[in-house]
There are 2 protein chains.
Amino acid sequence: MKNLDQYLIEKKLIVEKELQINIEKLNAPKELKDSMLYSLMAGGKRLRPVLLMLSFEAYKAHNQKVMSSISALEMIHTYSLIHDDLPAMDDDDFRRGKETNHKKFDEATAILAGDALLTYSFEIITDDDLLSDEEKVSIVKLLAKCSGPTGMVGGQIYDMQAEKEKVSLEKLEQIHEYKTGELIKFAIMTGAYLANAPKEEMDHLKNFAYYLGLIFQIQDDILDVTGDESKLGKPVGSDESNQKSTFPNLLGLKGAIKQKEIYIEKAKAELDKTTAKKDMLIKLMAYFGNRDH
Amino acid sequence: MKNLDQYLIEKKLIVEKELQINIEKLNAPKELKDSMLYSLMAGGKRLRPVLLMLSFEAYKAHNQKVMSSISALEMIHTYSLIHDDLPAMDDDDFRRGKETNHKKFDEATAILAGDALLTYSFEIITDDDLLSDEEKVSIVKLLAKCSGPTGMVGGQIYDMQAEKEKVSLEKLEQIHEYKTGELIKFAIMTGAYLANAPKEEMDHLKNFAYYLGLIFQIQDDILDVTGDESKLGKPVGSDESNQKSTFPNLLGLKGAIKQKEIYIEKAKAELDKTTAKKDMLIKLMAYFGNRDH
């Protein structure tokens, strides 16, 4: 059984090298490339690409077939952060202790860098010679669905609407399913798909990804109450002060911690219904649920 | 020989119906769909989708195979207008006489509506049962390249940079090749590709599209000097006042008109090297070069 920390560091380096190569080879305006690369390289745990690799490796030994998907996934995640941080959205000047893209460059460049990362992610998939046409189509389709109006972008809108009203637990789960859950679903399902996981296990993997997304989010909300600003790289208590719908605001801190345990049990139950190698996925799930930053 | 005006009206209705159907079927937040549909339906001549259909019909009778590509193309064009109009970019309150997206809704919604349209365009291609996997991959790849960092988005950055300095004719041509030419290239090449046009003609069609883009742009610049505000739906003279690099600013008005004729001759020469039915394409080119709005 491999050590998770070591695994995360190894994989993070693989992801970052791949991202760098993909931007460097672009024959695009230098300022645009600088701006795309700045946000791609502004830290982060690369959890989504790591999940994709983990899911692949739960069925098969690591190979190069996942590389374009992990790049595309991290580019989409990064574009969403760049647009999220804009003055018209969350208006954040710092992320992970670094200036946000529009502070480092300017707003116009940040909007375009986000657009460029989003568009480029689809190009990367279709340009990958290791994938068959059938695989390219499946991945592009799932990536577009998970990140578009019925996925992540739709979740952003639901989230904005929820800031104005108190929502139910069911609605809150739905918001997070769209906003962050869909990309986690993409990671788990694409890794398994590329590793030729049995088709009948896909629904269980999808459900596992759903609970994993909720575990990630509920811990995010809990950290906003209990976390250490210096570890998080962002101020705590901001959710409570702006009356945002969060798990602790809805269930209380103890209730939120209990709810997290329920999600963890449900996630495990789904994973148990598959033939996937479980050890690293379970470790990562525990890490999602217990992380302090 | 069909009448161009009648043809344009027919095709415009086909495009608009298809766009409407594609948005209505989305299971996405109502406000997001409203915002996407608002800009998609805010008028416009639908020239890019019409070009795609024309290019297809230059080799084959009209059929349903082009529908997903025309939708995707118009969605990408519309997303670029929404982001272009944002306060951080061109800061326009009106387009085609109607409020721009961020004025009608708000900035955050406009950013997300643009992101949603861009993402959804790739989903629409991969969801089209009339296309083979090979066709889907080719179209997604070309669409991503033409609209991403080495295409339209790259062109936006070059254009922003050119606002600060006087550029050469060669550089100006390059800016427009990226900024508007690439989507026109997508239209012409995808129409021909889906109609199984001979592979050896593709380069000529690509060159034709290149000149067509320049004709479109040079006429845009000329109209900014000589046009009628009520027909254009936007103020004239704005390019001159903000010292923007335009063909008339660079070559004088007479020089720009002469340059337009050069592009028209070159476009015709490229088209003559193909077996495409030319009549409607030539008519549309003349329309591009002589339009008053």
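Above this text is the structure in question.
Residues numbered from 1 in each chain as written. Chains lettered and ligands numbered in written order. Predicted model: local features only at pLDDT ≥ 70, side-chain atom pairs only at ≥ 80, totals over all residues. Heavy atoms only, no water.

Draft legend 1. Fine view of the interface of chain A and chain B. Across the contact, 46 residues belong to chain A and 46 residues belong to chain B. Looking only at chain A, the three residues that lose the most surface to chain B are Leu112, Thr119 and Pro149 of chain A, adding up to 15% of its buried area. Counting across the chain A and chain B interface gives 6 salt bridges. Residue Lys145 of chain B is joined to Asp127 of chain A by a salt bridge in which the shortest nitrogen-to-oxygen separation is 2.9 Å. Connecting chain A to chain B are 10 residue pairs in polar contact (both at pLDDT 80 or more). Only α2 (30-40), α4 (67-85), α6 (107-126), α7 (133-147) and α8 (152-162) of chain A provide two or more residues apiece to the side of chain A that touches chain B. (Contact = heavy atoms within 4.5 Å. Buried area = accessible area lost by both parts, 1.4 Å probe. Salt bridge = Lys/Arg side-chain N within 4 Å of Asp/Glu carboxyl O. Polar contact = N/O pair within 3.5 Å; in protein donor to acceptor, adjacent residues only side chain to side chain. Helix = DSSP H or I, 4+ residues; strand = E, 2+ residues; numbered from the N terminus.)

Draft legend 2. Expanded view of the relation of the copies chain A and chain B. The transform that puts chain A on chain B rotates by 180° and translates by 0.0 Å along the axis, for an RMSD of 0.0 Å. The two molecules are tied by a two-fold rotation axis, judged by turn and shift. The C-alpha atom lying nearest the rotation axis in chain A is that of Asp133 of chain A; the distance is 2.8 Å. Both copies share a contact surface, since 100% of the interface residues of chain A are interface residues in chain B too. (Least-squares fit on C-alpha atoms with pLDDT ≥ 70 in both.)

Draft legend 3. Molecular detail of the packing of helix α1 (residues 4-24) of chain B against helix α3 (residues 47-57) of chain B. All names here are of chain B. Here α1 crosses α3 at 110°, and the two axes come no closer than 10 Å. As the angle between them shows, α1 and α3 are arranged roughly perpendicular. For the pair α1 and α3, the crossing hand works out as right-handed. Taking contact as the criterion, the partners of Tyr7, Leu8, Lys11 and Val15 in α1 are, on α3, Pro49, Val50, Met53, Leu54 and Glu57. Looking at the contact of α1 with α3, its residues break down into 7 nonpolar, no polar and 2 charged. (Axes fitted to C-alpha atoms, helices over the stretch in contact; angles between N-to-C directions. Parallel < 35°, antiparallel > 145°, perpendicular 65-115°, else oblique. Left-handed = near helix turned anticlockwise from the far one by under 90°. Nonpolar A, V, L, I, M, F, W, Y, C, P; charged D, E, K, R; others polar.)

None of this, on its own, says anything about what the molecule does.
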